[in-house]
Amino acid sequence: SLQVLLEKLAGVCLVEKLRYIQLYEVDFNFFQQFIFGRGAMNTLMDRGLLPEEHFSKKGSTAEDAKFDKTLMADISRQARIPMSIVSVDAAQCYDRVNHIIMSLVWFALVGVIGPIRVLLHCLQTMRFYQRTGHGDSTTFTGGDGSYFMGLGQGSRGAPPSWVCMSSVIVNILRKLGNGARMLDPMTRALIHSVGAMFVDDTDLHCWVESMRSAEELYETIQEETKMWSELLLATGGCLKPEKCFWYALDYECCEGELLQRELVDWELLIPMDDGSQRPIF
C-alpha cells in the first residue's frame, strides 16, 4: 500500500493536521467493496438490523442527521420535558477496529470465512510505503509478523464495515432500553431513538418521560454515555475527549411562563483505553 498525506485544511501543511490515505491495489479494493460493501450491507438491511439512527446509508446525508437532532430538541421544548444530547466522537474509528470482533460481525453477515481470511491476511501483513514531495520511500512499515489492525483509510470496505460494527453497538443499546423514549405528539406512537450517527460522529439522545428535571436525568445520562464508551472500547475503538461535549435541555416556570433553564456546567466521565476516566463538558 502507498500512503499519502493530504491537507485537511487547505494551505495547512503541519504534520499533525494532515490526513493520510492509503492507496491499495485496484482489485483488492474492489474485492472489499463487493464482499463487504455490498454483501454484508445488503444482509444487514435485509434482516432489518440497520438502525434508523444510522444516516451513513444510501439516501441519507449528514444534514439529515443534524436535522433529526434539531427535531428531537424541538419536541423536548414543545413538551417541556428535559433531555440531553451527548456528542461522542470516536478517535481514528477505521484505524482502531479490532479484527477479532470485526471478523465475527462479518461472518454473521457474509456467512463464509474465505473472503474474511483473505482480507485480514492482506491487512495484517501489508507493507506500507510513504509518498512525499521527495518521492516514494524505499523502506516500509508493516509486513509479515506486524499484524496491523484497523480497516485502512481509503479502503472501499472500511465505511460499510464500520456501519456494520457500529450498528451492533446501537442495537445493543436499543435492546437495553437506552436512549430517548417518547410519544409522537401527533400519532401518539412510541418513538425510541438512541441518537443520530453519521460515520463516527454520533449524538446520543437521553430522554425519560417520567423524569421532570435535568438533575433527575443526570445519572441516566452518565450511565448511557459510559455504556456507549465501553462498547466502543470492546471493538478496539476509543472516544476522543477533546472532541466530545454534551448539553442538557430543561425548563422552568417563571411567572406563569415555561422558559429554558440556565444549567451549571456538569461533567460526564468517559472510560479510556488505558483504564482511566476523562471528563467531558
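Here, every reference points to the structure presented above.
Residues numbered from 1 in each chain as written. Predicted model: local features only at pLDDT ≥ 70, side-chain atom pairs only at ≥ 80, totals over all residues. Heavy atoms only, no water.

1. Topic: the overall build of the chain
- Scanning the chain from terminus to terminus reveals 6 helices and 15 strands.
- Summarising its shape, the C-alpha atoms of the chain cover approximately 75 × 45 × 35 Å along the three principal directions.
- Burial statistics for the chain: of 281 residues in total, 44% are counted as buried.
- Counting contacts in the chain only where the partners sit at least 6 residues apart, residues at least 24 apart contribute 68% of the total.
- Taken as a whole, the chain presents about 15300 Å² of accessible surface, with 56% of it coming from carbon and sulfur.
- For the chain, the separation between the mean place of its 26 positive charges and that of its 36 negative charges on side chains is 7 Å. (Helix = DSSP H or I, 4+ residues; strand = E, 2+ residues; numbered from the N terminus. Buried < 20%, exposed > 50% of the residue type's maximum accessible area, 1.4 Å probe, protein only. Contact = heavy atoms within 4.5 Å. Areas by Shrake-Rupley, 256 points an atom, 1.4 Å probe, with all protein chains shown as cover. Lys, Arg positive; Asp, Glu negative; His and termini not counted. Charge placed at Lys NZ, Arg CZ, Asp CG, Glu CD.)

2. Digging into helix H4 (residues 114-125)
- When the terminal C-alpha atoms of H4 are compared, their 17 Å separation across 12 residues agrees well with the 16 Å that a helix rising 1.5 Å per residue should span.
- Here H4 has its buried residues at Pro 115, Ile 116, Leu 119, Leu 120, Leu 123 and Gln 124. Taken end-on, H4 shows its buried residues confined to a sector of 150 degrees, consistent with a single buried face. Turned more than 90 degrees away from the buried face of H4, the exposed residues are Arg 117 and His 121.
- Tucked into the core, H4 has its buried residues touching helix H1 (26-46) and helix H3 (99-110). (Expected span 1.5 Å × (residues − 1). Arc of directions from axis to C-beta.)

3. Brief notes about the packing of H3 against helix H5 (residues 158-175)
- At their nearest, the axes of H3 and H5 sit 10 Å apart, and the two run at 95 degrees to each other. By the criterion of interaxial angle, the relationship of H3 to H5 is roughly perpendicular. The segment H3 lies against H5, with Ile 101, Met 102, Val 105, Trp 106 and Leu 109 engaging Ser 161, Cys 164, Met 165 and Val 168.
- In terms of residue class, the contact of H3 with H5 is built from 8 nonpolar, 1 polar and no charged. (Axes fitted to C-alpha atoms, helices over the stretch in contact; angles between N-to-C directions. Parallel < 35°, antiparallel > 145°, perpendicular 65-115°, else oblique. Nonpolar A, V, L, I, M, F, W, Y, C, P; charged D, E, K, R; others polar.)

4. Some points on the nonpolar core
- Of all hydrophobic cores here, the largest spans 53 residues; its most connected members are Val 86, Trp 106 and Trp 228.
- Per-element tally for this core: the top contributor is H5, with 8 residues.
- Membership of the second largest hydrophobic core comes to 9 residues, among which are Ile 85, Ala 180, Met 182 and Trp 207. (Core = buried A, V, L, I, M, F, W, Y, C linked by side-chain atoms within 4.5 Å.)

5. Quick notes on a nonpolar patch on the surface
- On the surface, a cluster of nonpolar side chains totalling about 230 Å² of accessible area is made up of Val 168, Ile 172 and Leu 176.
- Structurally, the position occupied by Leu 176 is in the loop between H5 and strand E7 (180-183). (Patch = residues over 30% accessible without salt bridge, like charges linked within 9 Å, V, L, I, M, F, W, Y side chains within 5 Å. Salt bridge = Lys/Arg side-chain N within 4 Å of Asp/Glu carboxyl O.)

6. What about helix H6 (residues 214-234)?
- If you check H6, its first and last C-alpha atoms are 30 Å apart, about what 21 residues at 1.5 Å a residue would give, namely 30 Å.
- Of the positions making up H6, those classed as buried are Ala 214, Leu 217, Thr 220, Ile 221, Gln 222, Glu 224, Thr 225, Trp 228, Ser 229, Leu 231 and Leu 232.
- At its buried positions, H6 is contacted by strand E3 (83-89), H5, strand E9 (195-198), strand E10 (201-208), strand E11 (245-249) and strand E14 (268-271).
- In the segment just after H6, Gly 236 is the residue with positive phi, at about 105 degrees.

7. Some thoughts on unusual backbone geometry
- Positive phi, normally seen in glycine, also occurs at Gln 92, with a value near 50 degrees.
- Within the secondary structure, Gln 92 is located in the loop between E3 and H3.
- In the Ramachandran plot, Val 199 falls in the positive-phi region, its phi being about 55 degrees despite a non-glycine side chain.
- Take Val 199: it is sitting in the loop between E9 and E10.
- The partly exposed category is assigned to Val 199, whose relative accessible area is 23%.

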